[in-house]
Amino acid sequence: MAFVTNKSPSLFSANFSFTIFLLLLVILNNPLKPAGVTVDLIPRDASKSHFERLQNALARSAKRASHINSVLSNNLGGSKIQTQIISADGAYLMNVSIGTPPVTVLGIADTGSDLVWTQCLPCTECYKQDLPFFDPRKSSTYKKVSCNSKPCEELNQASCSSDGSTCGYSYAYADGSHTSGDLSTETVVIGNNKNSGTFKNIAFGCAHDSAGTFVLSSSGLVGLGGGPLSLVSQLDEKKFSYCLVPFSSDSSSKISFILTLLCLVLVQ
């Protein structure tokens, strides 16, 4: 029994190794063939020169842009809401008007936040700005938002007056800047020409306390994020496009709502 027990592991190991060797021979002599079909992909204009392919690509892009503009124009009657974006001190300022009669507001265009707000009178603590402060007492369409309203419920941080008639907002930004005041509604005008639009009951923050890294040429901020209180969401468009020129350029940028603004950038 001792002889059989000592030799059995060696015999098993030899048999196992021989089995593996046979399996390897079978695999090498009969490699597995992948399932499916392989087809060669031939580049478009493969027989053309590099310059000819570039010309054809530009021509196709121009035709595609013309087709998109035609479809959008037919579907929406050629309407387009567009306004200027002005570069100032490292920020892009969006030109809108609020109130009745309308008051010009240059708000920092911010795609990373939602709330639209401007500095209002009376100001408890406000940063200096070049434009006059918005005075809600002089607007016939200004209304404060109550605490049980939907816009107030959509705020991340809200406070309430003792009688519940006024919803207070408080907003802080990553750079330490902050703003707080009354959540209100107003008539907002975007654009000042044939491509303008007037929107009533837009929720915005009437700021009475704001400070931080805001530039003097701005009078607030225009939130263009994806939240329910952003300007884009309140316009029910959910989409917008913009072309931003470099800060060093003398030309103004554009932001467009409803229709897609097609930009062609040529790099030399």
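Here the residue numbering is sequential within each chain, running from 1 through the sequence in written order. Residue-level local features of this predicted model are given only where pLDDT is at least 70; pairs of side-chain atoms are given and counted only at 80 or more, and the full residue set underlies all totals for whole chains, interfaces and linings. Hydrogens are left out, water is left out, and the side-chain values use all remaining heavy atoms of the structure.

Here is the rule we go by: UniProt positions are given in the numbering used here, feature names are shortened, and annotations may be inferred rather than shown by experiment.
For the protein chain, the name recorded in an unreviewed UniProt entry is Peptidase A1 domain-containing protein, with Acacia crassicarpa as its organism. Checking UniProt for the protein chain, the heading Sequence similarities (unreviewed entry) contains the comment "Belongs to the peptidase A1 family."

1. With respect to the pairing of strand S3 (residues 103-110)
As a reminder of what qualifies: Strand pairing requires that DSSP identify at least two bridges connecting the strands. Numbered from the N terminus, helices here are DSSP runs of H or I no shorter than four residues, and strands are runs of E no shorter than two.
Inspection of the sheet shows strand S2 (residues 91-98) paired to S3 by 6 bridges, in the antiparallel sense. For Ile98, the partnering residue across the bridge sits in S3 and is Val103. In textbook terms, the turn of a hairpin is the stretch between consecutive antiparallel strands, and for S2 and S3 this stretch comprises 4 residues, one of which, Gly99, has a positive phi near 90°. In terms of strand pairing, S3 meets strand S10 (residues 220-223) through 4 bridges, oriented parallel. Opposite Gly107, over in S10, you have Gly220 as the bridge partner.

2. Considering the pattern of salt bridges
Here is the rule: Throughout this description, the term salt bridge denotes a Lys or Arg side-chain nitrogen within 4 Å of a carboxyl oxygen of Asp or Glu. The buried label applies to any residue whose accessible area, calculated with a 1.4 Å probe on protein chains only, is under 20% of its type's maximum; exposed applies above 50%, and partly exposed to all values in between.
Summed over all chains, the structure comprises 2 salt bridges. Between Asp135 and Arg137 there is a salt bridge, with its nearest N and O atoms 3.0 Å apart. Lys144 serves as the salt-bridge partner of Asp182, at 3.8 Å between the closest nitrogen and oxygen. Separated by 38 residues along the polypeptide, Asp182 in strand S8 (residues 178-190) and Lys144 in strand S5 (residues 143-144) bring together distant segments of the chain. For Lys144, a relative accessible area of 47% gives the class partly exposed.

3. Thoughts on the state of the cysteines
As a reminder, the rule being used: Working definition: a disulfide is two cysteine sulfur atoms within 2.5 Å of each other.
On inspection of all chains with the given rule, the structure shows 4 disulfides. The residue that forms a disulfide with Cys123 is Cys126, at a sulfur-sulfur distance of 1.9 Å. As the torsion about the S-S bond is roughly -75°, the Cys123-Cys126 disulfide counts as left-handed. On the basis of relative accessible area, Cys123 is assigned to the partly exposed category, the value being 26%.

4. Some thoughts on the environment of Asp45
The cut-off we apply is this: Working rule for contacts: check all heavy atoms of both residues, and any pair within 4.5 Å makes them a contact.
With respect to the helices and strands, the residue Asp45 is situated in the loop between helix H1 (2-29) and helix H2 (50-76). Separated by 12 residues in sequence, Asp45 and Ala57 place their C-alpha atoms 9.8 Å apart. Apart from the residues lying within four places of it in its own chain, the contact partners of Asp45 are Arg53, Asn56 and Arg60.

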